[in-house]
Amino acid sequence: MAIKVYGSMISTATLRVLVCLAEKDLHFELIYVDLASGEQKKPHILSTNPFGQIPVFEDGDVKLMESRAIMQYIARTYVNKGTDLISNDLKKAAEQSMWMEVESQKFEPATTRLVWELCMKRLLFGEKEDEAVVNELEKKLGCLLDVYEARMTESKYLGGDSFSMADLYHVPVIKFLMGTKTKKLFDARPHVSAWVADILSRPSCLKAFCGCPY
Ligand SMILES: N[C@@H](CCC(=O)N[C@@H](CS)C(=O)NCC(=O)O)C(=O)O
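Since the model is a prediction, treat every value here as computed from it, not as a measurement.

Peer 1: Would you explain the site of the ligand in this entry?
Peer 2: Around the ligand, 14 residues are found, and the nearest of them are Lys 41, Gln 53, Ile 54, Glu 66 and Ser 67. Within the contact set of the ligand, an oxygen atom lies 2.9 Å away from a side-chain nitrogen or oxygen of Gln 40. Relative to its unbound accessible surface of 510 Å², the ligand loses 73% to contact with the protein. Put simply, the parts of the chain that give the shell around the ligand at least two residues each are α1 (12-23) and α3 (67-77). For the shell around the ligand, a count of residues per class yields four nonpolar, six polar and four charged.

Peer 1: What is the right way to read the sheet that holds strand β2 (residues 28-32) from this model?
Peer 2: The four strands are arranged β2-β1-β3-β4 in an open sheet whose pairing can be described as mixed. With partners counted over all chains shown, the strands left at the sheet margins are β2 and β4 (62-65), one partner each. Sheet twist, expressed as the average angle between the axes of neighbouring strands with direction ignored, equals 15 degrees. Its contacts with the sheet place α1 against β1 (3-7), β2 and β3 (56-59), and it is angled at close to 155 degrees to β1.

Peer 1: Could you clarify how one ought to interpret the pairing of β3 in this entry?
Peer 2: As a general feature of sheets, a regular strand has side chains that alternate between the two faces. Across the two faces of β3 the burial is the same, with Val 56 and Glu 58 and Phe 57 and Asp 59 all buried. Two strands pair when backbone bridges link them, and β1 and β3 are joined in this way by four bridges, in the antiparallel orientation. Along β3, the bridge assignment pairs Val 5 with Phe 57. Sheet topology places β3 next to β4; four bridges connect them, and they run antiparallel. Along β4, the bridge assignment pairs Glu 58 with Lys 63.

Rules used throughout
Residues numbered from 1 in each chain as written. Predicted model: local features only at pLDDT ≥ 70, side-chain atom pairs only at ≥ 80, totals over all residues. Heavy atoms only, no water. Near = heavy atom within 4 Å. Polar contact = N/O pair within 3.5 Å; in protein donor to acceptor, adjacent residues only side chain to side chain. Areas by Shrake-Rupley, 256 points an atom, 1.4 Å probe, with all protein chains shown as cover. Helix = DSSP H or I, 4+ residues; strand = E, 2+ residues; numbered from the N terminus. Nonpolar A, V, L, I, M, F, W, Y, C, P; charged D, E, K, R; others polar. Pairing = 2+ DSSP bridges. Axes fitted to C-alpha atoms, helices over the stretch in contact; angles between N-to-C directions. Contact = heavy atoms within 4.5 Å. Buried < 20%, exposed > 50% of the residue type's maximum accessible area, 1.4 Å probe, protein only.

As structure tokens, this is what we get:
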């Protein structure tokens, strides 16, 4: 039975799942959910995601919400397809898992509002960003990227020497921010900048973002 993703190309959480499916070379059907009209609060989404958010994922009788949990399901279920995203080696997997947590607990909170201010407000409502808010958020993101820069002086990717789920988690938000003035924070840090160029040039990223406004 075909994999189905209910989501939207302007949703970073949906795109996170789409880049994962592309890394695993899996076919899927994308069923468009219109965020602007509040379709995510309709019963066909609420039945799987009681919070009324996208993406919602179906693989036969498996129905899931939360993009990162969906990606872990995909990586573990389709372990023999495409890129290995989670190591079989316990120590390496623990290192990857640590940086996956950094993404969810630190990078996501530091960037969600930036994506809202610099991308979504204009796209959905034609509104300009709040500059004071953006400046404050950029300061926080700069401190976090200093930690990433230090990490990547000792290892090519966040989770170790090979590309992993830890890097993949970051792709959609970084891709969106590359089209904004916040790009300068990534460009100013040579190791971070090389990492961004590397992860955004992966075929999975080019494939998943085809038709995306960012
Ligand atoms: N932690 C969730 C976040 C899901 C989320 O925030 N989805 C947004 C789109 S990126 C959404 O559905 N927003 C509409 C709403 O909250 O009503 C995940 O990673 O799947």
